[in-house]
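Understanding the architecture of this molecule
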Amino acid sequence: DPLVALAESERLDAALRKAGVESTLVVVEGGGHGDFMSPEIDRRVRIFLDRALRGGTQPVPGDRVVFTGSR
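Just so we're clear, the structure is a prediction, and the values are computed from it rather than from any experiment.

Here we come to the pattern of salt bridges. Counted by the stated rule, this structure contains 5 salt bridges. Across the salt bridge formed by D13 and R17, the nearest N and O atoms sit 3.2 Å from each other. In this pair, D13 and R17 both sit in helix α1 (residues 6–18), 4 residues apart, roughly one turn of the helix. Through salt bridges with shared partners, a single network forms among E40, R43 and R44.

Next up on the list: the side chain of D13. Taking the relative accessible area as the measure of exposure, D13 reaches 7% and is therefore buried. At a separation of 2.4 Å, a polar atom in the side chain of D13 contacts the side chain of S23. With sequence-adjacent residues up to four places away left out, D13 is seen in contact with S23, T24 and L25.

In this section: a nonpolar patch on the surface. The grouping of V45, F48, L49 and L53 at the surface amounts to a nonpolar patch, some 400 Å² of accessible area in total. Relative to the elements of secondary structure, F48 occurs in helix α2 (residues 39–54).

As a further point, take the confidence of the model for the protein. Chain-level pLDDT for the protein is 76 on average; 77% of the residues reach the 70-or-more range. Across the protein, α1 holds the top mean pLDDT of 92, while strand β2 (residues 64–66) sits lowest at 45. Segment residues 63–71: pLDDT under 50, and 25 contacts once partners within four positions in sequence are set aside and those in other chains are kept.

Calculation criteria
Throughout, a residue's number is its position along its own chain's written sequence, starting from 1. Only residues with pLDDT of at least 70 are given local features in this predicted model, and only at 80 or more are side-chain atom pairs given and counted; all residues enter the totals for whole chains, interfaces and linings. Values shown for side chains rest on all heavy atoms present in the structure; no hydrogens or waters enter the calculation. A carboxyl oxygen of Asp or Glu within 4 Å of a side-chain nitrogen of Lys or Arg is what we treat as a salt bridge. By the criteria applied, helices consist of DSSP H or I runs no shorter than four residues and strands consist of E runs no shorter than two, each listed in order from the N terminus. Categorising residues by exposure relies on relative accessible area from a 1.4 Å probe, with only protein chains included: less than 20% of the type maximum marks a residue as buried, more than 50% marks it as exposed, and the intermediate range marks it as partly exposed. The definition of a polar contact used here is a pair of N or O atoms within 3.5 Å, where within protein one atom must be able to donate a hydrogen and the other to accept one, and adjacent residues in sequence count solely through side-chain atom pairs. The contact rule is simple, with two residues in contact once any of their heavy atoms fall within 4.5 Å. For patches, a residue must show more than 30% relative accessible area and have no salt bridge; joins then use 9 Å for like charges and 5 Å for nonpolar side chains, namely Val, Leu, Ile, Met, Phe, Trp and Tyr. What sets the accessible areas is the Shrake-Rupley method with a 1.4 Å probe; for residues, cover comes only from the shown protein chains. As a per-residue measure, pLDDT tells how confident the predictor is, with possible values from 0 to 100.

Structure follows, in C-alpha cells:
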C-alpha cells in the first residue's frame, strides 16, 4: 500500500484489541489501498456495514485473516 504501511494497520489492529474494541485485519496481497477485486472482501465489508450501520447480528468472520503467505 503506497499510503499506509502494513505495520501501521497491524499496530492499529493490536491497539484496538488491547482497548477491547472488536477488530478484524484482513491482509490482501497486491490490494493497494482498497483496490480489492475479491468476493470474500466484498462479503466481509457488507457484514461489517450491516452490523455497524443497521445493527445486524451476523458476526464478522475471523479474527485476523491473511489471504496470501507473503506480505
